[in-house]
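Structural overview
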Amino acid sequence: MSLNAAPEISFSSEQGKANYEAAKRRYPAQAIVDLAALRDNMRHLVDVVGGTHSGTAVMGVVKADAYGHGLLPTALAALAGGATWLGTAQAHEALTLRKLGIGPDRCRMLTWMYNGAQVPFDELIANDIDVSVGSLAGLDRLSCAARQVGKPARVHVKVDSGFGRNGFTEENFDEALARLAPLAHEGALDIVGQWSHLAVADAPDVPEFVESTERQIERFNDFTRRMEAAGLAPRIRHLANTAATLSRPEIHFELVRPGIGLYGYEPDPAMGTPAKYALRPAMSLQAQLGTVKDVAAGHGISYGRTYLTDERTSTAIVPLGYADGIHRSASGFDMAGAKHTDKPGGPVRVMTADGPRLFRVSGRVCMDQFILDLRGSAAELGVHEGDTVELFGPGRGEAFAEPTADDWARAADTISYEIFTCLRSRIPRLYLHASDVFGPADLARLNPATLL
Ligand SMILES: *Cc1c(COP(=O)(O)O)cnc(C)c1O
């Protein structure tokens, strides 16, 4: 019998169980996404802005394949939770959602990346997708496309309130307004919104960050006043990401744009844990162990010999590597007392005969695998090839000792966002609670082989 460090799955049907077994045969690791958690996180974010009739709408940000959680299932779960907008960075993701049947009758969509002349503004306009523009060249191209399609382009004017990325600056905004006014008058552009992005997740204990956010808000309001004075008042202003949605009600305006909160994480562990914000991490990442064997004391583990076994021990292979998106920077160094910097690797929950234990990546993460030093005999621990281990999950309880994506972020010196978005598509995404969250029509849009 193989041990399982991940929680038991309650399958919705025999087919769900069969799908799980098939996924394990196809690949020795699985990313399991709880659709009910996604829906509930969105419900909570809608509550945070005062409910569906508060005058503030909520956009589920589903860029980058919904932060690695899967574009369509996540988008549908966000809508089930009360989002009335979806946002993607890339045009093709918004177009994909429209093609998959999420029409303008169900939600507005905004997309904001564009490059040179190739962006398919015509298709975006034809598909009722709102676009962001923050450059004079962008305005020209968009209005050309609108004239060709014969339909006004719905525009959100991007302003640079201090982030230093996209958007019109305070200096070139008069020129932008002078260009926008006749285009709006002609009917080529429908000026729907004005928006900007915040540079720091609110860190109430860092006065410098609080101050820079307040300056961004002041500048944002200045831009609004300039649009109003030019007769181009935006109907929808939006500035808040997850951090500001949770901590700055005064800038909820007509729309907020949470991303990471939908996935169940706080933007920065310095703000506290997800539970503090009533959020529940939606994704768990698990894998089945490869070779488990005994090795002698002083044995080097993996490339570069950055890890030497302390004493006689057993090792186990976890069949996930940097080609799966496991950060090489989450490698673990331990030179058994030799002069060297020790560094803890990413954590893995392993079930042993005595209950769950956390082990850490031992040595360097390889392309397709990494190694765990079990710090003892596998036979005595009851650890075997084929056992299911868990890299991260919702972070259940002390006794459960479940690592989270924040723990992996710490080990890899990055943020949870990057942990999720790096997970490659070769890891199967499997979904829990689809039939609890979706009615028959949405259920039918999903790949049935992915539902547990
Ligand atoms: C990614 C993104 C968001 C969401 O940010 P979170 O920190 O994940 O809430 C909002 N707005 C824009 C423009 C973004 O690029």
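Above this text sits the structure in question.
These figures come from a predicted structure and were not determined experimentally. Counting of residues starts from 1 at the beginning of each chain's written sequence and follows it residue by residue. Where totals are concerned, whole chains, interfaces and linings use all residues; where local detail is concerned, this predicted model gives features only for residues with pLDDT of at least 70, and gives and counts side-chain atom pairs only at 80 or more. To obtain the side-chain values, all non-hydrogen atoms of the structure were used and water was disregarded.

Describing the sheet that holds strand 11 (residues 292–295)
Two strands pair under a simple rule: DSSP has to find at least two bridges between them. Under the scheme used here, helices are H or I runs from DSSP no shorter than 4 residues and strands are E runs no shorter than 2 residues, and both carry numbers assigned from the N terminus. The strand order across the open sheet formed by three strands is 11-12-15, and the pairing between neighbours is antiparallel. Strand pairing shows two members of the sheet lacking a second neighbour, strand 11 and strand 15 (370–373), which therefore form its edges. Looking at each pair of strands side by side, their axes are set apart by 30 degrees on average, direction ignored. Across four bridges, the pairing between strand 12 (residues 313–318) and strand 15 is antiparallel. What sits directly across from Ile317, in strand 15, is Ile371. Here an angle of 0 to 180 degrees is reported between the N-to-C directions of two axes, which are lines fitted to C-alpha atoms, with helices fitted over the stretch in contact.

Examining the side chain of Asp334
Turning to its location among the elements, Asp334 is positioned in the loop between strand 12 and strand 13 (347–352). Within polar-contact distance, the side chain of Asp334 engages the side chain of Arg375 at 3.1 Å. Residues are treated as being in contact if the distance between any of their heavy atoms lies within 4.5 Å. Not counting the four nearest positions on each side in its chain, Asp334 is found in contact with Thr306, Tyr307, Leu308, Asp342 and Arg375. The term polar contact refers here to a pair of N or O atoms within 3.5 Å; inside protein, the definition further demands a hydrogen-donor-capable atom paired with an acceptor-capable atom, and it admits residues adjacent in sequence only when both atoms are side-chain atoms.

So, the nonpolar core
The nonpolar core is taken to be a set of buried Ala, Val, Leu, Ile, Met, Phe, Trp, Tyr and Cys residues, with the residues joined through side-chain atoms within 4.5 Å. Using a 1.4 Å probe on the protein chains alone, a residue whose accessible area is under 20% of its type maximum counts as buried, one over 50% counts as exposed, and one in between counts as partly exposed. Counting 123 residues, the largest nonpolar core has Leu86, Ile102, Leu320, Phe370, Leu391, Phe392 and Trp408 as its most contacted members. A per-element tally of this core places helix 4 (residues 71–80) first, with seven residues. Domain ranges listed in this record stem from an automatic or a database domain assignment. Taken domain by domain, this core gets at least three of its residues from each of domain 1 (36–263) and domain 2 (283–427). Not counting residues within four places of it along the chain, the set of residues in contact with Ile102 comprises Leu72, Ala75, Leu76, Leu79, Leu86, Leu97, Cys107 and Met109.

Structural notes on the packing of aromatic side chains
The description of two aromatic rings rests on the distance between their centres and on the angle between their planes. Each Phe, Tyr or Trp ring, with Trp reduced to its six-membered ring, pairs with another whose centre is within 6.5 Å; inter-plane angles below 30 degrees give stacked pairs, above 60 give edge-to-face pairs, and intermediate values give tilted ones. Overall, the coordinates contain ten aromatic pairs when judged by the stated rule. Where Phe220 meets Phe253, the ring centres are 5.3 Å apart and the plane angle is 35 degrees; that geometry is what we call tilted. With Phe220 in helix 9 (residues 207–229) and Phe253 in the loop between helix 10 (242–247) and strand 9 (255–256), this residue pair connects regions lying 33 residues apart in the sequence. By relative accessible area, which is 0% here, Phe220 ends up buried. Residue classification places Phe253 among the buried positions, given a relative accessible area of 14%.

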